[in-house]
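Residue strings, one per chain:
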Amino acid sequence: GQRLRDADSEDKSTMSSGVLCADECLKVFEEMKIRNAYQYIVFKITDDKKSIVIDVKGEPGASFEDFTSKLPDGGCRYAVLDVEINTKSGATTNKLIFIAWSDDNASVKPKMLYASSKDALKKTLSGINEEYQATDRGDLDLAEIKKKAGSV
């Protein structure tokens with residue numbers, strides 16, 4: 001009936017995707033932010049394109065290589081990564097940075113879906129100011145990511 005047709009027409013709109021953020025995203029993110037429970041969280045959009053869910057979580061101390069291995073070739077993901085940065089005063093501190101992974105080789109539809117749904121997740125993850133965009137493996141450079149997170 002009517003509802004199906006509506007969903008169809010929505011599917012073709014490109015700008016706001018209507019993808020919702022699952023409650024677990026915020027819960028796990030808060031655990032990461034407050035208790036340092038995870039080194040990283042990787043998020044994905046479900047196959048039915050309705051919600052953003054957690055794909056994988058990294059144990060505290062997980063390596064950067066471990067993190068990047070969770071970002072699929074030819075695919076898209078969102079992630080929050082805990083990086084240690086050097087402040088201007090010479091101290092080190094930890095910052096959470098939002099990473100948008102959108103492989104150049106991914107097909108156009110998922111790229112558009114991830115691009116248009118990103119704000120839904122970013123609004124949920126309060127307190128993250130910096131975003132790093134990566135479109136190929138060469139972009140997944142820890143030094144560059146730290147710089148973007150404010151490292152000097």
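Given the structure is predicted, the values throughout are model-derived calculations rather than measurements. (Residues numbered from 1 in each chain as written. Predicted model: local features only at pLDDT ≥ 70, side-chain atom pairs only at ≥ 80, totals over all residues. Heavy atoms only, no water.)

1. Quick notes on the side chain of D103
Here's step 1: Tracing the backbone shows D103 in the loop between β5 (92-102) and α4 (108-124).
Here's step 2: Although D103 lies buried, it forms no salt bridge, and the closest oppositely charged side chain, R137, sits 5.8 Å away as judged by the N-O distance.
Here's step 3: Here G74 takes part through its backbone nitrogen, which lies 2.7 Å from a polar atom of the side chain of D103. (Helix = DSSP H or I, 4+ residues; strand = E, 2+ residues; numbered from the N terminus. Buried < 20%, exposed > 50% of the residue type's maximum accessible area, 1.4 Å probe, protein only. Lys, Arg positive; Asp, Glu negative; His and termini not counted. Salt bridge = Lys/Arg side-chain N within 4 Å of Asp/Glu carboxyl O. Polar contact = N/O pair within 3.5 Å; in protein donor to acceptor, adjacent residues only side chain to side chain.)

2. Description of the sheet that holds strand β1 (residues 20-21)
Here's step 1: Strand order across the open sheet formed by six strands is β1-β3-β2-β4-β5-β6, with mixed pairing between neighbours. The sheet is open, and its two edges are formed by β1 and β6 (131-134), each paired on a single side.
Here's step 2: In this sheet, strand β3 (residues 51-58) lies alongside strand β2 (residues 40-45) in antiparallel orientation, the contact comprising six bridges. Its bridge partner being in β3, V42 is matched across the sheet by V56.
Here's step 3: The sheet strands contacting helix α2 (residues 23-35) are β1, β2, β3, β4 (76-86) and β5, and the helix crosses β3 at an angle near 35°. (Pairing = 2+ DSSP bridges. Contact = heavy atoms within 4.5 Å. Axes fitted to C-alpha atoms, helices over the stretch in contact; angles between N-to-C directions.)

3. With respect to the packing of aromatic side chains
Here's step 1: In this structure the tally under the stated criterion is four aromatic pairs.
Here's step 2: The interplanar angle of 40° and the centroid separation of 6.0 Å between the aromatic rings of F64 and F67 together place this pair among those described as tilted. Here F67 and F64 lie together in helix α3 (residues 64-69), a separation of three residues that amounts to about one turn.
Here's step 3: Centre to centre, the rings of Y78 and Y114 are 4.9 Å apart; their planes meet at 45°, and the pair counts as tilted. Here Y78 is found in strand β4, whereas its partner Y114 is found in helix α4, with 36 residues between them in sequence. In this structure, Y78 and Y114 share a single accessibility class: buried.
Here's step 4: Ring pairs connect the aromatic residues Y40, F64 and F67, which therefore count as one cluster.
Here's step 5: Between the NZ or CZ atom of K122 and the centre of the ring of F98, over which it lies, the distance is 5.5 Å. (Phe/Tyr/Trp six-rings, centres within 6.5 Å; stacked < 30°, edge-to-face > 60°. Lys NZ or Arg CZ within 6 Å of the ring centre and 35° of its normal.)

4. Considerations on the pattern of salt bridges
Here's step 1: Taken as a whole and judged by the stated rule, the model has eight salt bridges.
Here's step 2: Measuring nitrogen to oxygen at the nearest pair gives 3.8 Å for the salt bridge that ties E31 to K27. Within this pair, E31 and its partner K27 are both found in helix α2, separated by four residues, close to a single helical turn.
Here's step 3: Here E31 falls in the buried class, since its relative accessible area comes to 18%.
Here's step 4: Among the ionic pairs, K70 bridges to D66, the shortest N-O distance being 3.0 Å.
Here's step 5: Judged by relative accessible area, K70 falls into the partly exposed class, the value being 28%.
Here's step 6: Under the relative-accessibility criterion, D66 is labelled partly exposed at 27%.

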